[in-house]
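As a plain string of letters, each chain reads:
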Amino acid sequence: MARWDEILSLPVQNPPTLEFSAADLVWSKVEGWRDKIDRVALIPFARVDDFVRGESANKDCPTRFHVEARRRRPPEMTCKPKVDGILEYILYWCSFGPDDHRKGGIVRPSRTTYVPKKKNAGRPNTKRGCTCHFIVKRLIAEPSVALIIYTEDRHVDKKGLPCHGPQDKKAAGTRAMFAPYISEDLRLRVLSLLYVGVSVETIMQRHNESVERQGGPCNRDDLLTHRYVRRQERSIRRSTYELDADDAFSISLWVESHQNHVFFYEDFSDSEPFTLGIQTEWQLQQMIQFGNRSLLASDSRFGTNKLKYPIHSLVVFNSDNKAIPVAWIIAPRFASSDVHRWMRALYNRVRTKDPTWKLAGFIVDDPLADVLTIRDVFECSVLICFWRVRHAWHKNLVKKCSETEMRVEISRRLEQAVNNICRGKGTVDLFEDLLEDFVDESEFMDYFKAIWYPRIGAWSAALKSLPLASQETCASMEFYHNQMKLRLLNEKDPGVYQRADWLVDKLGTKVHSYFWLDEYSGKDDFARYWKDEWVSGLTSWRKALKIPDSDVVIEGRCAKVADQLDQDKVYVVWNPSSQFGICNCTWAEMGNMCEHMFKVINFYRKRGSTMPSISLFQYHKALIDMLHCPPHDSLIRDHAVSLAVCVQKQLNALVNFDSSQTTLDPILKQTVDNIEQETVEMVFANQDTELVNESNCMNEDVSSHDENCRDVNDAPRIIRVDKLVDLAASGNRICGESVGEEIPCAEMDVEPSSICISPPGLYSVDEVVASNVFSENGDGGLTNTGSNHLPSKDDLSDINGFQDNDCHESMMDVEPLTMEFPPSTREFLEECTVTHQNDLPNNGIEPTVSNTPDADPKTSSAISLSIESQVVDMVEISGVIKENEGMELKSGNGRMAENLPSADNDVQGDGVHDNIADDSSIGHDAKEFDSMMAE
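Criteria and thresholds
Residues numbered from 1 in each chain as written. Predicted model: local features only at pLDDT ≥ 70, side-chain atom pairs only at ≥ 80, totals over all residues. Heavy atoms only, no water. Helix = DSSP H or I, 4+ residues; strand = E, 2+ residues; numbered from the N terminus. Buried < 20%, exposed > 50% of the residue type's maximum accessible area, 1.4 Å probe, protein only. Contact = heavy atoms within 4.5 Å. Areas by Shrake-Rupley, 256 points an atom, 1.4 Å probe, with all protein chains shown as cover. Salt bridge = Lys/Arg side-chain N within 4 Å of Asp/Glu carboxyl O. Pairing = 2+ DSSP bridges. Axes fitted to C-alpha atoms, helices over the stretch in contact; angles between N-to-C directions. Parallel < 35°, antiparallel > 145°, perpendicular 65-115°, else oblique. Left-handed = near helix turned anticlockwise from the far one by under 90°. pLDDT = per-residue confidence, 0-100. 1 Å grid on protein atoms, 1.4 Å probe; cavity = no way out; pocket = protein on both sides within 12 Å on 5 of 7 lines; lining within 4 Å. Points joined across faces, edges and corners; volume = space filled by probe spheres on them. Nonpolar A, V, L, I, M, F, W, Y, C, P; charged D, E, K, R; others polar. Core = buried A, V, L, I, M, F, W, Y, C linked by side-chain atoms within 4.5 Å.

Undergrad: Looking at this structure, I do not really get the overall build of the chain. What am I missing?
TA: For the chain, the count of helices and strands is 29 helices and 17 strands. Taking all 935 residues of the chain together, the buried fraction comes to 55%. Look at the contacts in the chain between residues 6 or more apart in sequence, and 73% of them connect residues 24 or more apart. Here the chain has roughly 41600 Å² of accessible surface; of this, 49% comes from carbon and sulfur atoms.

Undergrad: So what exactly am I meant to see when it comes to the pattern of salt bridges here?
TA: A side chain with one charge can pair with a side chain of the opposite charge if their charged atoms come near. In total, this model carries 35 salt bridges according to the counting rule given. The partner of Lys506 in a salt bridge is Glu491, and the shortest N-O contact between them spans 2.6 Å. On the criterion of sequence distance, the pair formed by Lys506 in helix α16 (residues 500-518) and Glu491 in the loop between α15 (471-488) and α16 is long-range, its members being 15 residues apart. On the basis of relative accessible area, Glu491 is assigned to the partly exposed category, the value being 30%. The network of salt bridges with shared partners includes Glu19, Arg47, Asp50, Arg53, Glu281 and Lys353.

Undergrad: Whenever I open this one, the sheet that holds strand β1 (residues 28-31) confuses me. Can you help?
TA: Through backbone hydrogen bonds, the strands of a sheet pair up, either in parallel or in antiparallel fashion. As summarised here, the arrangement of the six strands in space is β1-β2-β6-β5-β4-β3, forming an open sheet in which the pairing is antiparallel. Each having just a single partner strand, β1 and β3 (65-72) make up the two edges of the open sheet. Direction aside, the axes of adjacent strands within the sheet are offset by 30° on average. Relative to strand β2 (residues 37-44), β1 is paired through four bridges, and the arrangement is antiparallel. When the sheet's bridge partners are listed, Ser28 is paired in β2 with Val40. Helix-sheet contacts for helix α2 (residues 48-56) involve β2, β3, β4 (86-94), β5 (133-139) and β6 (145-152), and the interaxial angle to β6 is about 25°.

Undergrad: I tried to follow the packing of helix α3 (residues 184-195) against helix α5 (residues 226-238) on my own but got confused; where do I start?
TA: Between two packed helices, what matters for the description is the angle formed by their axes and the separation of those axes. α5 packs onto α3 with a crossing angle of 50° between their chain directions and a minimal axis gap of 10 Å. With respect to each other, α3 and α5 are oriented oblique. Here α3 runs over α5; the crossing is right-handed. For the pair α3 and α5, the contacting residues are Arg187, Val190, Leu191, Leu194 and Tyr195 in the first and Tyr228, Val229, Gln232, Glu233 and Ile236 in the second.

Undergrad: How should I be thinking about the sheet that holds strand β13 (residues 381-384) in this particular structure?
TA: Read from one edge to the other, the open sheet built from seven strands follows the order β7-β8-β11-β10-β9-β12-β13, with strand pairing classed as mixed. Of all the strands in the sheet, just β7 (262-266) and β13 have a single pairing partner and so form its edges. The average angle at which neighbouring strand axes cross in this sheet is 20°, direction not considered. In this sheet, β13 lies alongside strand β12 (residues 361-364) in parallel orientation, the contact comprising four bridges. Residue pairing for β13: Gly361 is matched across the bridge by Ser381. Sheet contacts for α16: β8 (275-278), β10 (311-317) and β11 (323-330); angle to β11, the most-contacted strand, approximately 175°.

Undergrad: Which parts of the structure should I look at to understand the confidence of the model for the chain?
TA: Residues shown with low pLDDT carry predicted positions that ought not to be read at fine detail. Of the residues in the chain, 65% have a pLDDT of 70 or more, and the chain-wide mean is 73. Confidence drops under pLDDT 50 across residues 656-672; counting only partners more than four residues distant or on other chains, this segment forms 44 contacts. Here residues 674-925 is a poorly scored stretch, pLDDT under 50, and it has 591 contacts once near neighbours within four places are set aside; other chains count.

Undergrad: How do you make sense of the layout of surface pockets when you look at a structure like this?
TA: Empty space among the atoms can be located by rolling a probe the size of a water molecule over them. Computed from the structure, the second largest pocket encloses a volume of approximately 950 Å³. As for the second largest pocket, its lining consists of 28 residues, of which Arg301, Thr304, Asn305, Arg388 and Ala392 are closest to the centre. Elements that contribute at least two residues to the lining of the second largest pocket include exactly β9 (295-302), α10 (387-400), α13 (442-452), α14 (456-465) and α15. The leading source of residues in the lining of the second largest pocket is α10, at eight residues. Within the lining of the second largest pocket, the residues separate by chemical class into 12 nonpolar, seven polar and nine charged.

Undergrad: Teacher, can you tell me more about the environment of Val371 here?
TA: You can see Val371 is positioned in helix α9 (residues 371-378). Overall, the relative accessible area of 16% leaves Val371 in the buried class. In this structure, the C-alpha to C-alpha distance between Val371 and Val382, residues 11 residues apart in sequence, is 6.8 Å. Beyond its immediate stretch of four places on either side in the chain, Val371 contacts Val382 and Leu466.

Undergrad: What exactly am I supposed to notice about the nonpolar core here?
TA: A general trend in soluble globular proteins is that nonpolar side chains are found buried together. Judged by nonpolar contacts, the single largest core of 121 residues is most densely connected at Phe378, Trp393, Met484 and Leu488. Broken down by element, the residue count for this core peaks at 10 residues, all from α16. When near neighbours in sequence (up to four residues on either side) are disregarded, Phe378 contacts Leu296, Met343, Tyr347, Trp357, Leu359 and Phe362. Counting residues in each nonpolar core, the second largest holds 39 residues, with Ile7, Leu10, Leu42 and Ile135 among its members.

Set out below in structure tokens:
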């Protein structure tokens, strides 16, 4: 019993890598059977396969472990809860053992029936008497934990000599130098190429050419044989999706044979509908790689009109912002109760593989999506993507309205209605006016009344309460939707669409293979065999980045963009600078946003002749609302100061302020200028009291004094408000530090490595959006109910800089603290000097703000920080700010801490690629902007 008490007291180790080996674990030695000392460790039982793969990928001795023996207690068997009771016992042995087929080798008595082959080529290389093996036990006391007992960790025979791998001199020149089987990556590559129609001969030809280029075989994958590929091709050709005439029973058979591809399955019952969640191992890896600290988007109800059951896709975005499906959910309906169950199962599966995985934001395309469930499961904010509605409107407008001028006018009115609703200036009545004004276009208006008018109310509410995803996200979702149509709905017999087993089989084979090859670096070697289903390439957004400005010509109310392949061919874009534009290219006529529209939008924004995007407008608006609603506790204030200084330090280190390329967007310049015009004088009163409880209301004066605090000068100091806006909008990391005194992260409830996810108790921008920032009648959120001078929503929604001339900043009593700051930020911090003014009353003061006369012109508000994508990427990967790093603010008459209003750490995404100081640059990464808006 003492032995088991020692074992069960060991910590459960869960390395945050996709695969791990014995070298990644801390082993403990306990007394074993027959007075032996066993090396043991505890890991989650769900990660046993990851450990086996990691052990097989040993560089010093590559191999493969197979199940030599297994014993499993039947689930229906009643068992006595003993401390050493076993639910499952698995013995893994190196595939080069335990038998020894070499000359003079020993074969176990149970294998005496083995008959040597006439041609034993290769046989001595497979069984060489390796004694390396380990045992996995699943205990009754802890069913979720696996006990690993490593009996022999060396790849040696019974004589103690190396028997395979590079250390075995006798294995030189044979296959025993390498692993006994090909890698999982090569197996997926071969299967994917076969599924998409590439011949066996072509696969082997390309493979042999690559081996010759590298100078011969250097691993097991280089020894791929024609026989193996032919055998895989034969297996695919003979397979069938119809495992049974009954569709439901056929699905259950598929689930039994593909347990590793299913994360959730619920068969039909009297109370619950059929639900099947599919996620392969590769999709799980993509979700962990591209979804961590980033975005997860939903493409709901694909194939509703053709398939028996619609497909709900969850996608992440790779480095090119192309959508990669990481899960497919098939169900006849998507009720909130059903969504919670499969969503929780998916989240648990990802967290089991990587306990540090966190999502920055979840993008939905349905206004009726269960936002509360998403926030509860993924613990992140929710955005909404308008691409599906815009796509349907555009497609039917082209189909049902023949006159170009009428298309342009209707599109313009639709855009105005949507923009006004998002900016809080309009209601559904705008669409009623549209129906009355274009009553002559009966065909399109009848379609709009029948399909969309009943849904306008739900969409209007969603657009007001949720942040809007960027246009690049819309382009990525349109591209993915088109890929799914070409790769899935291309059967000659449409009758198969009414069988769910066909759908499941094709998703797991052909469709999965196409998306796997999209990420395969060597796919260009098979370019001559590509079909329409491959549709590999860049999204419209990324294509627009390659179009030079010289190819854009503005003529009146339209713009002309030259084709990049044929300069003599020109495309005409009406309603330029609008996402509801009309273009005469093929991709746009299908209802999509083409690269010509995106290029013209960028062209107009560079000239400053168009409004900022809705996404950027909402982000600016959220920042300004927070500037006028001081946080109510010191925790958020500490975060605001640390975030601002941290970002400024990164920018000073990475950005050349003297670069001639730094340009200022006219609209943002006017925004900053208008904010500068608002004069706000921070009046502070010294009070010799103890620290006030941090739970005081936001509209109360918050005062905090140190016992040894010195008196400060009564002269007024000035705060640069434009700096606050820039810092709040440009940050992409959270400093785990406090102001003045060092507070451990545990006390602040902040993870030092947190990037996108805010600690408990902090408001995210999306929570503000969902409550009161983007909705006139919203309740809750960061609202200063005690201020009578806050701007109205209409004032804040002004597109030319969010003017707010009647604002009075709530006054706060701030303890004069001492901060140490790095030299790179000293120049910025010295611009802001703040003092207490004891003799001034708290009310009736006309706020004033002015630029400090000694401000460095290089950092003045007249110059924007134009950050190129590569610079922002460097900011993203810069190290996590050290915990409790002090900052020293030097002033002429004393030292004190500025409480700079800023977004908390939940505002930040996986890196801010959208530089709000230059919204005109179409090269900014809009997916990262979505991450920022999500938090």
